[in-house]
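Residue-level structural notes
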Amino acid sequence: MKRRLVLLTPMAAALVAAGCANLSPQGIAAGNWEAFNRAQVDGLIASTGKGSAGYNAAKPPYVVFDWDNTSIFLDIEEAALIYQLENLVFGATPAQLEVALRRNIPKKDFLPAHNNAAGQPVNIDRVVPDIVASYTWLYQNYSGLKGSQPLAAVKLSPHYIAFTTKVRYLYEAIGDTFDHDTAYPWVTYLFAGMTEAQVRKLTAATVAWQLKEPVAKVKWTSPAALPGQAGVVSVSWKNGLRLQPEMQALYARFRNAGFDVWVCSASFVDVIKEISSNPAFGYNNPPERVLAMELERDANGVIQPEFRRGYDQTQGPGKTKNIQRFLVSKYGYGPCFIAGDSEGDQNMMADFADTKKVLIVNRLRDPKTDIGKFSAMAVQNHGKPDTRYLLQGRDDNTGQWVASQLHTPLGATQGKALK
């Protein structure tokens, strides 16, 4: 498979080079690390890695990173969905797409925040017929599917705008209305009819495109000329995915210090394999060291819109279950370091006695959640060498880390440590 080359920024290249170099007294390159966090992780590497007295290469320590909004800025699964929609990269027939769209979604109305422009409630039975009708037109007309018209031509049709908007709207409405077990796998079903190679190609193209996009909020509204059963709906999201140079360097430093590095993500496994292992993207993590959402495949490797039987979802308690099943059973002990950012990571952050340090990328989590409480503990225990939780700041206006615990939301000018 051909891969697009994405050049690292000078800062990223310098940090990765520092991480790939032989271990040095300086430790992790400073970058935009909060200084105490950096010192704590450096101390863990020094006391546990291959330079330490008790290191055993046959039983190496290992670390686990979340991916979205932890290893990178923003969410690669969400970005891949936008690329998939804008470029009509689908492998499903209209009938197969309808199965994927409806998979395990209750028929109850979505939350009022997702009412249509007329203030009327929307549910799966109102919006899916609209999506399938527009996709059928696109399927029959677009040359990349079963038609003969170029993408530029079909983009002029209201069916294109209706289809792309209502699928993205549905993703948001499902995520806000239903529990994570229902919502998290749903977006992966849209890869139905594709192969691993096709999903990985789509992912590489997504990253290359996103790196050129500004960090900004984007809003789509479906066309009034084609209201369908759901009516006119709108949806917005954050654009401008960025690679995180401090994380690229940290992955390399852990590996060079004799740690095994694993990714545990709630995104689809083929998406994470591509972005985390493609050398153009700077993380260089082996694709076989990814635990992520799995779907059934047929004998030819074609993805099916069904979660892989016998597997736990890699979110919430499922992250702990997957680490126990695949890693604790392999090594005989838990991870010594975990990094994450959300409620989907809070279980694995707390569940392993062997975990010495937990790095939380600050996104101002709800103080009533466990990760909100862990964040508060990181603030309270800042500067104490025995603290488990470390809070790392970020500026969502730039997609970059900041050298403090503070998080600055998109559009804000001042950061804060806790919500």
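Nothing here was measured: the structure is a model prediction, and the numbers come from that model.

The rules behind these values
Residues numbered from 1 in each chain as written. Predicted model: local features only at pLDDT ≥ 70, side-chain atom pairs only at ≥ 80, totals over all residues. Heavy atoms only, no water. Helix = DSSP H or I, 4+ residues; strand = E, 2+ residues; numbered from the N terminus. Rg over C-alpha atoms; globule rule 2.2 N^0.38 Å. Buried < 20%, exposed > 50% of the residue type's maximum accessible area, 1.4 Å probe, protein only. Contact = heavy atoms within 4.5 Å. Areas by Shrake-Rupley, 256 points an atom, 1.4 Å probe, with all protein chains shown as cover. Core = buried A, V, L, I, M, F, W, Y, C linked by side-chain atoms within 4.5 Å. Domains from an automatic or database assignment. Salt bridge = Lys/Arg side-chain N within 4 Å of Asp/Glu carboxyl O. Polar contact = N/O pair within 3.5 Å; in protein donor to acceptor, adjacent residues only side chain to side chain. Pairing = 2+ DSSP bridges. Axes fitted to C-alpha atoms, helices over the stretch in contact; angles between N-to-C directions. Parallel < 35°, antiparallel > 145°, perpendicular 65-115°, else oblique. Nonpolar A, V, L, I, M, F, W, Y, C, P; charged D, E, K, R; others polar. Phe/Tyr/Trp six-rings, centres within 6.5 Å; stacked < 30°, edge-to-face > 60°. Lys NZ or Arg CZ within 6 Å of the ring centre and 35° of its normal. Left-handed = near helix turned anticlockwise from the far one by under 90°.

Our focus in this paragraph is the overall build of the chain. Along the backbone of the chain there are 14 helices and 15 strands. Its C-alpha radius of gyration of 22 Å places the chain within 12% of the 22 Å reference for a compact globule of 419 residues. In terms of overall dimensions, the chain has a C-alpha envelope of 65 × 45 × 40 Å along the principal axes. For the chain, with 419 residues in total, the buried portion stands at 55%. A fraction of 70% describes how many contacts in the chain between residues 6 or more apart in sequence connect residues 24 or more apart. Just so you have it, the chain exposes about 16,800 Å², and 52% of that area is on carbon and sulfur atoms.

Of all hydrophobic cores here, the largest spans 100 residues; its most connected members are F65, F163, L170, W186, F254 and F337. Each of two domains, domain 1 (35-73 + 242-408) and domain 2 (77-239), supplies a minimum of three residues to this core. Ignoring anything within four residues of it in the chain, the contact list for F254 reads V41, I45, V63, F65, F259, V261 and F337. V64, W262, C264 and F352 belong to the second largest nonpolar core, which has 20 residues in total.

Turning next to the domain arrangement of the chain. If you check the domain split of the chain, you get domain 1 (35-73 + 242-408) and domain 2 (77-239). Counting residues at the interface gives 31 residues for domain 1, matched by 27 residues for domain 2. With a closest N to O distance of 2.9 Å, R200 and E274 form a salt bridge. Along the contact surface separating domain 1 from domain 2 lie ten residue pairs in polar contact (both at pLDDT 80 or more). Contributions of two or more residues to the side of domain 1 that touches domain 2 are made by β5 (242-243), β6 (260-268), α11 (269-277), β8 (295-297) and β9 (303-307).

Sheet architecture is open: six strands sit in the order β7-β6-β1-β10-β11-β12, paired in parallel fashion. Two strands lie at the open edges of the sheet, namely β7 (290-293) and β12 (389-392), each paired on one side alone. In this sheet, adjacent strand axes meet at a mean angle of 15 degrees when their direction is disregarded. Alignment of strand β11 (residues 357-361) against β12, held across four bridges, turns out to be parallel. Paired with I360 across the strands is L391, a residue of β12. On the sheet, helix α2 (residues 35-48) packs against β10 (337-340), β11 and β12 and is oriented at approximately 135 degrees with respect to β12.

So, about the side chain of H114. Structurally, H114 is set in the loop between α4 (94-102) and α5 (124-141). A relative accessible area of 8% means that H114 is categorised as buried. Residues in contact with H114, not counting those within four places in the same chain, are V122, Y169, E172, A173, D176 and T177.

Pairing in this open sheet of three strands is mixed, and the strands run β14-β13-β15 from one edge to the other. The open sheet terminates on both sides in strands that have one partner only, identified here as β14 (400-401) and β15 (407-408). Pairing geometry for strand β13 (residues 394-395) and β14, over two bridges, is antiparallel. Pairing of D395 across the sheet is with Q400, part of β14.

Two elements in contact, helix α3 (residues 76-87) and helix α9 (residues 196-210), have axes separated by 9 Å at closest approach and are oriented at 95 degrees. It follows from the interaxial angle that α3 and α9 lie roughly perpendicular. Taken together, the residues of α9 that come into contact with α3 (itself represented by I76, A79, A80, I82, Y83, Q84 and E86) are L202, T203, A205, T206, V207, W209 and Q210. Looking at the contact of α3 with α9 residue by residue, the class counts come to nine nonpolar, four polar and one charged.

With respect to the element layout, K368 can be found in the loop between β11 and α14 (370-380). Separated by 166 residues in sequence, K368 and L202 place their C-alpha atoms 37 Å apart.

Right, let's get into the packing of aromatic side chains. The tally for this structure, following the rule as stated, stands at 23 aromatic pairs. On the basis of an interplanar angle of 45 degrees and a centroid distance of 5.1 Å, the ring pair of F254 and F337 is categorised as tilted. Of the two residues, F254 is situated in helix α10 (residues 245-256) and F337 in strand β10; the sequence distance between them amounts to 83 residues. Of the two residues examined, F254 and F337, each falls in the buried class. Each member of the aromatic cluster is reached from another via a ring pair, and the members are F65, W67, Y251, F254, F259, Y283 and F337. When the ring centre of Y311 is taken as origin, the NZ or CZ atom of R325, which lies over that ring, is 4.6 Å away. A cation sits over an aromatic face here: K330 above Y331, 5.4 Å from the ring centre.

Packing of α4 against α5 leaves a shortest axis separation of 10 Å and a crossing angle of 150 degrees. As judged from the angle between their axes, α4 and α5 are roughly antiparallel. Considering only the axes of α4 and α5, their crossing is right-handed. Together, P94, L97, E98, L101 and R102 of α4 and I124, D125, V128, P129, I131, V132, Y135, T136 and Y139 of α5 make up the contact between the two elements.

Bringing the environment of K50 into the picture now. For K50, the location among the structural elements is in the loop between α2 and β1 (62-65). A C-alpha to C-alpha distance of 8.6 Å links K50 and N256, two positions 206 residues apart in sequence. When near neighbours in sequence (up to four residues on either side) are disregarded, K50 contacts Y55, N256, A257 and G258. Engagement of the side chain of K50 in a polar contact is seen with the backbone oxygen of N256, the distance being 2.9 Å.

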